[in-house]
Every structure is written in structure tokens, then in C-alpha cells.
Amino acid sequence: MSSSSEKVLVGCIGGSGLYNLDNLTPVKTIEVDTPWGKPSSPITISTLPSGDQIAFIARHGIGHHISPSEVPARANIAALKHIGVQAIVAFSAVGSLREEIAPGDFIIPSQIIDRTKGIRQETYFRGIGVVGHTMFGDPFSTQLNEFVSPRVEKILSEIQGGPVKLHQNKTVVCMEGPAFSTRAESLMYRLWGGDIINMSVIPEAKLAKEAEIDYTLICTSTDYDAWRTGFPPVTVEEVVKTLHTNAGNSKAVAAGLLQDVHDVVAAGNVLTEAKGSMRFSTITSPDAQNEEGKKKLAFILPYFS
Ligand SMILES: CSC[C@H]1O[C@H](OP(=O)(O)O)[C@H](O)[C@@H]1O
Ligand SMILES: Nc1ncnc2[nH]cnc12
């Protein structure tokens, strides 16, 4: 446990069912305006028992009024980066494409198949006169995934009402929604190698890469989507059945994990890949970079100022 500091190094994004971390101690909410608009919700700053602070955003807004295609992901990621966040632990409710991933299980994916439809604002590098191509072969922070996985596994093995199973190194399909998949699509995703499905990891993970933030996604399974013959396809009613238990378990995981994540970020010698990575992804020569575009980028990447 570290000594308390004022810096907010770690952000948490809550998904369906996870609209607050009320098992931590909230100290204030802050409104951050970004060049890409306002985040989904005010940012709640809470303290961990050590006194260290973490930042929380509800992806769909408090009360869940923002549909997956309309989440202001650029503002969410930019606001967190701007207040100092270097690592994000995000949560997501997902459907299972595999028999062995049961409702209630946790999953930490390592790969993504993007099935969004091009209607989301998925990059900071468009229309600004600065061209950047981020590395996305490993869409999550491999270093942060490696750091959190054993810790989440331990927390889930000891959790009240548990143990709860953790699956690692899985592939998440991100669909556009808001309607759920057809049976044919669900079967196709299985053939493609998809293990779980949601509507939110794209563009969140991509934008975190562009903002040089280590990003990991902790998923909770709520249903078997639409691929199982002889069973009805997923409905919101079915998702909601496990959402409450999953949210409780996610809060316990967050409480048990975030101090360690804060400490490893503060140590500065383990999560080494993200910082400075976009310097090498920008192909526009410095003298050709648009000044207004650079100003916008400097909100998240100060070396553009
Ligand atoms: C309520 S079912 C579909 C909805 O749930 C997931 O949300 P989140 O990833 O924010 O937990 C999924 O991505 C869809 O947005
Ligand atoms: N079956 C499903 N498809 C897409 N997103 C989901 N979130 C939870 N269950 C889902």
C-alpha cells in the first residue's frame, strides 16, 4: 500500500449494472469539458483505504440513458487522461459464445473482433491535420492484463457467495447493437473464434491506446447470446437477472484490485509500453502538423503542445 497522494492515476469505467463504486469513499464529483465534449457522467473521485484516489465514469450515464453507439468514448477517455489517469480498469457485461463460460463468470479478454458499423467516433486522429496510426495488434495492455489477472482470480476465489470463475485470454466480439445478434450471426462469431460478445469495447480500447493509457477490460457474463439450439435467444430480461450479482462482484473486485493498480502505476517501472507510444505512431512531419489539431491532441498528449 502506498502513501496517499493527490494524483488520480487510475480510472474505472463501469458498464451495464455498474453505475457507481459505492463501496469506496466518494470525495467529490468533477465535470470535465474536453475538445470532444462531455463524458458520459460526471467523474466521481473516491478514496481507497490508503487515501489514494481513483476516478469513476458510468459508461452509459447514471441511470443508463446512453445507448452503446452513442457513448461519448472520446470524451470519456480524454477526460480521464487529462486529470492524470495512466491506467483504466473497465467493466463490461457480455454474452457468452462458449458453453464453458457461464452466466456469472468473469472474463479478461486479450483480443477483439470489431463488428461495429463505422458510425462511432473511434479515433482522435481524423480531420485534424495530424495523422497517427496506433498499434492495435494487442488491443489491451498486455502488461496490465498480466498484472490484474492473478489478482482478480484470487479475489474471485475468496469472494462472498463464491468462488467465481475467471477465464483469461479470450476474444471479445464487439457488435454495433442496440439489437442483439441473430442466431446466424451468433453461430458465425463462434466459428470466427469469438468467446464473448458486447457492444462497448470498441472504440474505448482503441482510444485508450491513442491516449497512451494502459487499458484492461473485466467482463462479466450475463447470458448465452443466441447460438444455443433449443434455447431462446438473449433478452434484456435475461441479462438483468445476473446483472445485480455481477455488479456486486465487480465492486468487490474493484475494491480489492484498484490499490494494487494505483501502486504499480505510481512505481512507474512495470507498465512501460503505453507511455510515449504515440510519438512513433504519428507519420505527419512536425512542420506539416496542423496547429489547431495539435492543440486538440495536447489535451491528451501534452508533447503535441
Ligand atoms: C444491457 S445488455 C447490452 C449492453 O450491455 C453491455 O454494456 P457494457 O459493455 O457497458 O457493460 C453491452 O456492451 C451492451 O451495451
Ligand atoms: N448477448 C449480448 N450481446 C451483446 N452485448 C451483450 N451484453 C450482454 N449480453 C450481450
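Structure report, in brief.

Cut-offs and rules
Residues numbered from 1 in each chain as written. Chains lettered and ligands numbered in written order. Predicted model: local features only at pLDDT ≥ 70, side-chain atom pairs only at ≥ 80, totals over all residues. Heavy atoms only, no water. Helix = DSSP H or I, 4+ residues; strand = E, 2+ residues; numbered from the N terminus. Buried < 20%, exposed > 50% of the residue type's maximum accessible area, 1.4 Å probe, protein only. Contact = heavy atoms within 4.5 Å. Areas by Shrake-Rupley, 256 points an atom, 1.4 Å probe, with all protein chains shown as cover. Lys, Arg positive; Asp, Glu negative; His and termini not counted. Charge placed at Lys NZ, Arg CZ, Asp CG, Glu CD. Near = heavy atom within 4 Å. Polar contact = N/O pair within 3.5 Å; in protein donor to acceptor, adjacent residues only side chain to side chain. Phe/Tyr/Trp six-rings, centres within 6.5 Å; stacked < 30°, edge-to-face > 60°. Lys NZ or Arg CZ within 6 Å of the ring centre and 35° of its normal.

## What about the overall build of the protein?
- When you go through the protein residue by residue, the secondary structure sums to 6 helices and 9 strands.
- Taking the principal axes of its C-alpha atoms as reference, the protein extends roughly 60 × 45 × 35 Å.
- A total of 305 residues make up the protein; the buried ones form 56% of that total.
- By sequence separation, contacts in the protein at least 24 residues apart represent 81% of the contacts at least 6 residues apart.
- For the protein, the accessible surface area stands at approximately 13300 Å², while carbon and sulfur atoms represent 54% of it.
- On the protein, the mean spot of the 27 positive side-chain charges and the mean spot of the 32 negative ones are 2 Å from each other.

## Some details on the site of ligand 2
- What surrounds ligand 2 is the set Ala93, Val94, Gly95, Met175, Phe180, Ile197, Asn198, Met199, Thr222, Asp223, Asp225 and Val234.
- Take glycine 95: an N or O atom from its main chain is 3.2 Å from a nitrogen atom of ligand 2.
- Measuring from a nitrogen atom of ligand 2, one finds a side-chain N or O atom of aspartate 225 at 2.8 Å.
- Against a free-state accessible area of 260 Å², the protein chains account for coverage of 94% of ligand 2.

## Some remarks on the packing of aromatic side chains
- According to the stated counting rule, one finds 6 aromatic pairs in the structure shown.
- Residues phenylalanine 140 and tyrosine 215 carry aromatic rings whose centres are separated by 6.1 Å and whose planes lie at 10° to one another, so their mutual orientation is stacked. Of this pair, phenylalanine 140 sits in the loop between strand E6 (106-115) and helix H2 (142-157) while tyrosine 215 sits in strand E9 (residues 214-223), placing them 75 residues apart in sequence.
- Seen in terms of ring centroids, tyrosine 303 and phenylalanine 304 are 5.3 Å apart; in terms of plane orientation they differ by 35°. Their pairing is tilted.
- For phenylalanine 304, a relative accessible area of 5% translates into the label buried.
- Pairwise contacts between aromatic rings join Trp36, Tyr124 and Phe299 into one cluster.
- Over the aromatic face of tryptophan 227 sits the side chain of arginine 190, whose NZ or CZ is 3.9 Å from the ring centroid.
- One cation-aromatic arrangement involves arginine 228 over phenylalanine 231; the distance from NZ or CZ to the ring centre is 3.9 Å.

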